[in-house]
Amino acid sequence: MDESTHRREQMGELSSVIRECRKCPLWKDTHNAVPGEGNPAAKLVFIGEAPGRQEDLTGRPFVGRAGSLLERLLAGIGLTRSDVFIANIVKHRPPENRDPRESEIEICTPYLDQQIRLIEPEIIVTLGRHSTRYILSRVPIEFEKITDIRGKVFPVTFAGRKVRIIPTFHPAAALYNPAYRADLEEDFRTIRDELTVTEPR
Ligand code: SF4
């Protein structure tokens, strides 16, 4: 079995475990877990906070209008969803779209860590304030406002792996406030430029 098939199988097995998971209360009243999807050998991983309504109904991350905008932003730098991996910090939708609790994040994030270790990405893009706060807290890097750090490149070790973290807005933010759209596009150009940088693995 070649490396890519092996990795794909391992990711499939992990996704199956996540779909059956009942370790925290978030699975109650959901339709589907949303493990994440995309290229299991991607250089670039996007991490949002939690599934929303459409994601819960479909079992897929970043669908609906925010997902469409993410796809357009990817297309703007010559990529498609299948080139990258897209996941969330927690894998089941919190009720009424509330923020996930710290205890739920603590129980669920070993899955995200496993995904990162399996994919071995070079760049992790955090989408939105909550995802950014959690991921940077692990490094640890503190910040006041996402506007202070968006588009910056942080070389760190995350889940035992050297990666560059680039925070940006959640695409949904640009749907509510079109002024963020230009910032998102600018940050995606930074992502494109960083993809051309070869870091030692
Ligand atoms: S949110 Fe995470 S830890 Fe909680 S039940 Fe779902 S997969 Fe398991």
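Since we're looking at a predicted model, the values are computed, not measured.

Helices and strands together make up the secondary structure of the protein chain, namely eight helices and six strands. Of the regular secondary structure in the protein chain, the N- to C-terminal order runs α-β-β-α-α-β-α-β-α-α-β-β-α-α. The C-alpha atoms of the protein chain give a radius of gyration of 16 Å, which matches the 17 Å a tight globule of 201 residues would have. Structurally, the protein chain occupies a C-alpha span of about 45 × 40 × 30 Å along its principal axes. Put simply, the protein chain has 201 residues, and 49% of those count as buried. Counting 30 positive and 30 negative side-chain charges, the protein chain places the centres of these two groups 1 Å from one another.

What follows is about the pattern of salt bridges. The full count for this structure, using the stated rule, is 15 salt bridges. Between Glu104 and Arg101 there is a salt bridge, and its shortest N-O distance comes to 3.8 Å. In this structure Glu104 comes out as buried when scored by relative accessible area, which is 2%. Taking the shortest distance from any N to any O, the salt bridge between Arg150 and Asp187 comes out at 2.8 Å.

Another aspect to go through is the UniProt feature "domain: Uracil-DNA glycosylase-like" (unreviewed entry) in the protein chain. In the numbering used here, UniProt assigns the "domain: Uracil-DNA glycosylase-like" (unreviewed entry) feature to residues 35-189. Taken end to end, residues 35-189 comprises 43% helix and 19% strand; its first and last C-alpha atoms sit 27 Å apart.

Once that is clear, we can look at the side chain of Gln115. Among the structural elements, Gln115 can be located in helix α4 (residues 102-119). Classification of Gln115 by relative accessible area gives buried; the value is 1%. One polar contact links the side chain of Gln115 to the main-chain carbonyl oxygen of Pro35, over a distance of 2.8 Å. Leave out the neighbours within four places in its chain, and Gln115 touches Met11, Leu14, Ile18, Pro35, Phe85, Ala87 and Lys91.

All chains considered together, the criterion is met by two aromatic pairs. Judged by centre distance (5.7 Å) and plane angle (15°), the rings of Phe46 and Phe188 are stacked. Remark: Phe188 occurs in helix α8 (residues 179-195) and Phe46 occurs in strand β2 (residues 44-48); sequence separation between them is 142 residues. Residue class for Phe188 comes out buried when judged on its relative accessible area of 1%. Between the aromatic rings of Phe169 and Tyr180, the centroid separation amounts to 4.2 Å while the plane-to-plane angle is 25°, which identifies the pairing as stacked. Of this pair, Phe169 sits in the loop between β6 (161-168) and α7 (171-176) while Tyr180 sits in helix α8, and the two are eleven residues apart along the sequence. Under the relative-accessibility criterion, Tyr180 is labelled partly exposed at 27%.

Let us look at unusual backbone geometry. A cis geometry characterises the amide bond from Val139 onward to Pro140, with omega recorded as -10°. Its place among the elements puts Pro140 in the loop between α5 (129-137) and α6 (146-149). Backbone geometry places Glu96, a non-glycine residue, at a positive phi of 55°. Tracing the chain through its elements places Glu96 in the loop between β3 (85-88) and α4. With a phi angle near 60°, Asn97 is a residue other than glycine that sits in the positive phi range. When you line up the elements, Asn97 lands in the loop between β3 and α4. The exposure class of Asn97 is partly exposed, given its relative accessible area of 44%.

Rules behind the numbers
Residues numbered from 1 in each chain as written. Predicted model: local features only at pLDDT ≥ 70, side-chain atom pairs only at ≥ 80, totals over all residues. Heavy atoms only, no water. Helix = DSSP H or I, 4+ residues; strand = E, 2+ residues; numbered from the N terminus. Rg over C-alpha atoms; globule rule 2.2 N^0.38 Å. Buried < 20%, exposed > 50% of the residue type's maximum accessible area, 1.4 Å probe, protein only. Lys, Arg positive; Asp, Glu negative; His and termini not counted. Charge placed at Lys NZ, Arg CZ, Asp CG, Glu CD. Salt bridge = Lys/Arg side-chain N within 4 Å of Asp/Glu carboxyl O. UniProt positions renumbered as here; feature names shortened; annotations may be inferred. Polar contact = N/O pair within 3.5 Å; in protein donor to acceptor, adjacent residues only side chain to side chain. Contact = heavy atoms within 4.5 Å. Phe/Tyr/Trp six-rings, centres within 6.5 Å; stacked < 30°, edge-to-face > 60°.

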